[in-house]
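What follows is each chain in one-letter form.
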Amino acid sequence: MMNRRGILLLMSVGLVVFVAVVGASSLVRSVHETSLGRLSAERQRAFYLAEAGLDRASLNLRTPTDAADDLLTAALPTGSYALVQAADLLDPLRWTVTSTGTSHGASRRLEVVYILSPQSIFQHGLFADVQVNISGSAQTDSFDSRLGSYEDDPSDPDYNKGVNGDIGTNSATDGGMTVGGSIFIEGQMVVGPGVDPPESIVNGCGDPPDCSSFVTGDPWVTAQSTSLPMPAVTVPQGLTCSDFTVQGNTTQTLSPTGGPLGNGTYCYRNLTIQGNADLTATGAVTIYLTGQLTAQGNSVVGVPNDPTQMLFKMTSTAGAVLEQVIQGNNTFYGAIYGPDAMVSIQGNAEIYGSVIAEVVNVQGNAQLHYDEALAMETRVVSHYKRTVASWRELDD
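Okay, so let's go over this structure. (Residues numbered from 1 in each chain as written. Predicted model: local features only at pLDDT ≥ 70, side-chain atom pairs only at ≥ 80, totals over all residues. Heavy atoms only, no water.)

**Notes on the overall build of the protein chain**
The helix and strand tally for the protein chain stands at one helix and 25 strands. Sequence separation of 24 or more characterises 62% of the internal contacts of the protein chain that already satisfy a separation of 6 or more. Total accessible area on the protein chain stands at roughly 19,100 Å², and carbon and sulfur atoms take up 53% of it. (Helix = DSSP H or I, 4+ residues; strand = E, 2+ residues; numbered from the N terminus. Contact = heavy atoms within 4.5 Å. Areas by Shrake-Rupley, 256 points an atom, 1.4 Å probe, with all protein chains shown as cover.)

Structure below.
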């Protein structure tokens, strides 16, 4: 009997030990699998964080030469990312970005090579960083100088008129765009990024605003996804800037191989084109202005059959705001870029090209015909299109 009890006791102890061993083993395995699951989840989060970093890098590279607005690190609820951005020494339009995502103890590294393509700032007929005011009987439309001269007669075989005479602003505040009079815009109104509703920026066409009766775009107003970058203008080394006047009833012709640098680049302080005078060019020229541009009545500025040939870059001196005036019956064929300038288009002035400034005022019977060919003009680059050339994950 004692032996039987001993055997039962031993069997019970053995069973307890077996259950304990199995339980401990299961517990260890469960803890291990939980740890692996947690690590796997953290590695997955780290991967997504690294991808978030690449998305940010793509935004940084929209303006690669402006590091002031770059965000290279960020802490998010699930972890963080850190970026390293570098341009190829032999190709400034080829950038390599490494993004490291970290979530608790896990990290993942991704590497992407971006190819940048310069994008023209001249995407609108009229555009102002701060404010656009357009009134009177002003009108806008578009044409494409690559197809020939502007022609608005539909019965003409050389008919060349479009409906892309857009006006826009980076402003996201009430009054950033003010309209009035009997204007007519064959195009669209564009306001600052993220404005909802976008019509809240527009003054002058009712409350709530509705400009659809004189703006042909559908919708008549829209908000940008991001602000249009407007890089500052600086005068190149070696250029001297002095006052210059094109006397009335004379023609001044600029050369694409002329100017102080021999490359078609010129600089003036105050440039005046008097009545019945012409300022033209025999090829692509760039004119820097540090003072006031005045194009008086019955004058012609630019190249009539190709507005892309004459580009005005307006810069400020000691932070001064410039006032550039195109007035009277002046005809202007070209592009104006003045991120710190106020451009006033008055009277019966007629513009074939594009005007980009800090503030744009249009009054009277002014006509603006946006040249769609300027959308390919990259002497002023506003931002870069980013294309992924390669993508890979780096070893930990």
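Past the structure itself, the notes keep going.
**Structural notes on the state of the cysteines**
In a disulfide, the sulfur atoms of two cysteines are held together by a covalent bond. As enumerated under the stated definition, the model contains two disulfides in all. Here C205 pairs with C211 through a disulfide, and the sulfurs are 2.0 Å apart. Measuring handedness by torsion sign, the sulfur bridge of C205 and C211 sits at about -65 degrees and is left-handed. No difference in accessibility class separates C205 from C211, as the two residues are buried. The disulfide that involves C241 links it to C267, with 1.9 Å between the sulfurs. Around the S-S axis, the bridge from C241 to C267 shows a dihedral of about 90 degrees and counts as right-handed. A residue pair is termed long-range when its members are at least 10 positions apart, and C241 in the loop between β12 (221-223) and β13 (242-246) and C267 in strand β15 (residues 265-273) qualify at 26 residues. (Disulfide = S-S within 2.5 Å. Buried < 20%, exposed > 50% of the residue type's maximum accessible area, 1.4 Å probe, protein only.)

**Some remarks on the sheet that holds strand β3 (residues 94-103)**
Spatial ordering of the open sheet is given by β1-β2-β3-β4-β25, a layout of five strands whose pairing is antiparallel. A strand with exactly one partner marks an edge of an open sheet, and here the two such strands are β1 (73-76) and β25 (381-394). Put simply, the sheet's adjacent strands are angled 25 degrees from each other on average, direction ignored. Pairing of β3 with strand β4 (residues 106-120) involves 10 bridges; the strand directions are antiparallel. By the bridge assignment for β4, T100 is matched with R109. (Pairing = 2+ DSSP bridges. Axes fitted to C-alpha atoms, helices over the stretch in contact; angles between N-to-C directions.)

**Here's the deal with the pairing of strand β17 (residues 285-289)**
In terms of residue burial, β17 counts as a mostly covered element, since five of its five residues are buried. The alternating pattern of β17 places V285, I287 and L289 and T286 and Y288 on opposite faces, both of which are buried. Note that β15 and β17 share four bridges and pair parallel. Opposite T265, over in β17, you have T286 as the bridge partner. Relative to strand β20 (residues 310-314), β17 runs parallel, the two being bridged by five bridges. Counted as the bridge partner of T286 is L311 from β20.

**Some points on the pattern of salt bridges**
Summed over the entire model, instances satisfying the criterion amount to seven salt bridges. In this structure, E393 engages R108 in a salt bridge whose closest nitrogen and oxygen atoms are separated by 2.4 Å. Taken as a pair, E393 in strand β25 and R108 in strand β4 lie far apart in primary sequence, 285 residues in all. (Salt bridge = Lys/Arg side-chain N within 4 Å of Asp/Glu carboxyl O.)

**Focus on the side chain of T63**
With respect to the helices, strands and loops of the structure, T63 is situated in the loop between α1 (2-60) and β1. Other than its neighbours up to four places away in sequence, T63 contacts D69, P229 and S382.

**Points about the environment of P260**
Inspection of the secondary structure puts P260 in the loop between β14 (251-254) and β15. You can call P260 exposed: its relative accessible area is 52%. Taking the C-alpha atoms as reference points, P260 and L239, 21 residues apart in sequence, are found 6.2 Å from one another. Apart from the residues lying within four places of it in its own chain, the contact partners of P260 are G238, L239 and T265.

**Section: the nonpolar core**
Grouped together as the largest cluster of nonpolar side chains are 70 residues, with contacts concentrated most on M189, V202, L279 and F312. Here this core gets seven residues from one element, more than from any other, and that element is strand β22 (residues 331-345). The residues touching M189, leaving out its near neighbours within four places in the chain, are I167, M177, V179, V202, C211, F214, V215, W220, V221 and T222. A50, A74, V97 and Y114 belong to the second largest nonpolar core, which has 15 residues in total. (Core = buried A, V, L, I, M, F, W, Y, C linked by side-chain atoms within 4.5 Å.)

**Quick word on the packing of aromatic side chains**
Per the stated rule, a full pass over the model turns up eight aromatic pairs. Ring plane angle 70 degrees and centroid distance 6.3 Å describe the contact between F47 and W391, whose orientation is recorded as edge-to-face. One end of the pair, F47, is in helix α1; the other, W391, is in strand β25, with 344 residues separating them in the sequence. The exposure class assigned to F47 is buried, which follows from its relative accessible area of 15%. (Phe/Tyr/Trp six-rings, centres within 6.5 Å; stacked < 30°, edge-to-face > 60°.)

**Considering the environment of N164**
Tracing the backbone shows N164 in the loop between β6 (139-143) and β7 (167-169). The spatial distance from the C-alpha of N164 to the C-alpha of Q123 is 9.4 Å, given a sequence separation of 41 residues. Not counting the four nearest positions on each side in its chain, N164 is found in contact with S142, E186, Y370 and E372. At 3.1 Å, the side chain of N164 forms a polar contact with the side chain of E372. (Polar contact = N/O pair within 3.5 Å; in protein donor to acceptor, adjacent residues only side chain to side chain.)

**Topic: the pairing of strand β2 (residues 79-87)**
In terms of strand pairing, β1 meets β2 through four bridges, oriented antiparallel. The partner of A75 across the bridge, within β2, is S80. Between the antiparallel neighbours β1 and β2 lie two residues. A loop of six residues connects β2 with β3, the two strands running antiparallel in sequence.

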